[in-house]
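Each chain is listed here by its residues.
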Amino acid sequence: MCTTGFLRLGPDDYLLFKNKDFGRTSFDDRLVLEPDVFGVEGITTWLGTDPTLDRFSGFSIGANSSGLLACDSNVRTLPDHANYDDLVEIALREGTDVESGVAAVERTVATRPYLWGNLVLIDGETQAAVEVRSRRTAVLRPTRATARANHHTKLGVHPDNDDTGTTEARMESAQRRLDRAGTLEDVFALLRSHDQGDSGVCNHAAYTTVYSYVLRQAAGRTTLLVIRGRPCEQTTPFELTLPLGEAWSPETAEEFMAAYPSNRVLVPG
C-alpha cells in the first residue's frame, strides 16, 4: 500500500511525494535514468517476500525533462491485467505536461485492462489525479494540494479492494496534514506520521514502508529526496539532483546511481 500526493510551495516550486509500502520489511529499488526521463521501477510482486521472484515493469514514481512529475498507488491486483506502473512510465515518456500525460494514460487504458490504481501528476501549471479500473479511467482535477491512498473516490470504493481497512483513514489524515503544509519539512512530517498508529502513513503493520520519496521541481531544477526504510526512523533523506536534459551524461547518470540508496540500480540509459 502507498500514500501519495502533491503540493505547491511557490509559483515555480512544486513537489510530488510517495511512501512505498510493501509486504516485506526491506527492499532495493531499481532505477531508469535516461536523458529525458527518470523512474523508480514499479513491481507487480509487492506482496512477495522473495526478491529473486520480483517482477519489475513501468515506473512507480518519476519525472521527465519537461518538468512533469508522476507517481501511483495500488488499489486492486487482478490476474490478466497490465501493471498500472506502466501507465506512469507512459505518461512521462509521452507527456510534456499534465494534460498530455493524462491523455496518454487514457488512450492506453482504453486498449486493455489494467490493474486498479491511482495516479497523480503535477507540472508547473496544473495537477491531476487519475483513477484506473481495468479499462476505465476517471480524472480528478483538484485545485489544492491533494493526498491519495489505495481506494477510488470518483469511481467509488469497491469491497474487493486490496486494502479496505486503512486506506480511507490514512488518506484523510494525510490530507489534513497537507492542508496545513507549507514547507518541505511539513511534507516529511506527513511521510513520517502515525496518526492511525502502526497503520499510519508511515506503515509498520501488515505492510511496511520501505521507501519514501519527494520529487521537487524548483527554478528549472528537479531534486529527489529519498529515504530507504521507515521514514520515522531516519532524520535526513538523501538529496540528489536529477541530471535530466542538458545536465545528463553517462558520467552524471552514473554518479546519481552510485549515490542512490539501493543495491540493485540499473545501468543508465
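Below is a short write-up of the structure. (Residues numbered from 1 in each chain as written. Predicted model: local features only at pLDDT ≥ 70, side-chain atom pairs only at ≥ 80, totals over all residues. Heavy atoms only, no water.)

**Structural notes on the overall build of the protein**
Note the following rule: Helix and strand definitions follow DSSP, with helices as H or I runs of at least four residues and strands as E runs of at least two, each counted in order from the N terminus. We compute the radius of gyration over the C-alpha atoms and compare it with the globule rule, which gives 2.2 Å times the number of residues raised to the power 0.38. We call a residue buried when its accessible area falls under 20% of the maximum for its residue type, exposed when it is over 50%, and partly exposed in between, using a 1.4 Å probe and counting protein chains only. By definition, residues are in contact when any of their heavy atoms lie within 4.5 Å. Areas reported as accessible are Shrake-Rupley estimates using a 1.4 Å probe. Residue values count occlusion only from the protein chains shown. His is not counted, nor are the chain ends, whereas Lys and Arg count as positive and Asp and Glu as negative. For the purpose of locating charges, the reference atoms are NZ of Lys, CZ of Arg, CG of Asp and CD of Glu.
In terms of regular secondary structure, the protein is built from 5 helices and 13 strands. Relative to the compact-globule value of 18 Å for 269 residues, the protein shows a C-alpha radius of gyration of 17 Å, a close match. For the protein, the C-alpha atoms occupy an extent of roughly 50 × 45 × 40 Å along the three principal directions. Taken across its 269 residues, the protein has 57% of its residues classed as buried. Counting only contacts in the protein whose residues sit at least 6 apart along the sequence, the fraction spanning at least 24 positions is 60%. Put simply, the protein shows about 10,700 Å² of open surface, and 48% of that area lies on carbon and sulfur atoms. Taken as two groups, the 27 positive and 38 negative side-chain charges of the protein have centres that lie 5 Å from each other.

**Side note on the environment of E99**
Relative to the elements of secondary structure, E99 occurs in helix α2 (residues 98-109). Overall, E99 belongs to the partly exposed group, its relative accessible area being 39%. On a C-alpha basis, the gap between E99 and Q127 in space is 8.6 Å, while along the polypeptide they are 28 residues apart. Leave out the neighbours within four places in its chain, and E99 touches T126 and R141.

**Focus on the sheet that holds strand β4 (residues 37-43)**
Rules: When DSSP locates at least two bridges between a pair of strands, those strands are taken to pair. In this analysis, axes come from line fits to C-alpha atoms, helices being fitted only over the stretch in contact, and the angle between any two N-to-C directions falls in the range 0 to 180 degrees.
One open sheet holds the 7 strands; their spatial order is β3-β4-β5-β6-β7-β8-β9, and the pairing between them is antiparallel. Because the sheet does not close on itself, it has two edges, and the strands there are β3 (31-34) and β9 (136-140). Going from strand to strand, the sheet's axes swing by 25° on average, the running direction of each strand aside. Summarising the sheet, β4 and strand β5 (residues 56-64) pair through 6 bridges and their orientation is antiparallel. Bridge pairing in β5 links V37 to N64.

**A short note on empty space enclosed by the protein**
Threshold: Only protein atoms enter the 1 Å grid, on which a cavity is a set of points fitting a 1.4 Å probe that cannot get out and a pocket is an open set with protein on both sides within 12 Å along at least 5 of 7 lines, lining residues being those with an atom within 4 Å of a point. Grid points are joined across faces, edges and corners, and a volume is the space filled by probe spheres set on the points.
This structure, assessed with the given rule, holds 1 cavity of 30 Å³ or more. In this model, the largest cavity occupies a volume close to 120 Å³. The wall of the largest cavity is formed by 16 residues, among which C2, K18, F22, I43 and Y84 lie closest to the centre. Listed by contribution, the elements that provide at least two residues to the lining of the largest cavity are β2 (13-22), β4 and β6 (69-76). Ranked by residue count, the leading element in the lining of the largest cavity is β2, at 4 residues.

**A closer look at the pattern of salt bridges**
Condition: The rule for a salt bridge is simple: a side-chain nitrogen of Lys or Arg has to be within 4 Å of a carboxyl oxygen of Asp or Glu.
Within the structure shown, the criterion is met by 15 salt bridges. R230 is paired through a salt bridge with E233; the nearest N and O atoms lie 3.3 Å apart. Look at the salt bridges and you will find they share partners, linking E34, E89 and R93 into a network.

**Some details on the pairing of β3**
Relative to β4, β3 is paired through 4 bridges, and the arrangement is antiparallel. Along β4, the bridge assignment pairs V32 with G39. Following β3, the chain reverses through 2 residues before pairing antiparallel with β4.

**Remarks on unusual backbone geometry**
For residues besides glycine, phi is generally negative; the peptide bonds are generally trans as well. Residues other than glycine seldom take positive phi values, yet S134 does so here, at roughly 60°. The backbone phi angle of A219 is positive, close to 55°, even though this residue is not glycine. With respect to the secondary-structure elements, A219 resides in the loop between β11 (208-218) and β12 (221-228).

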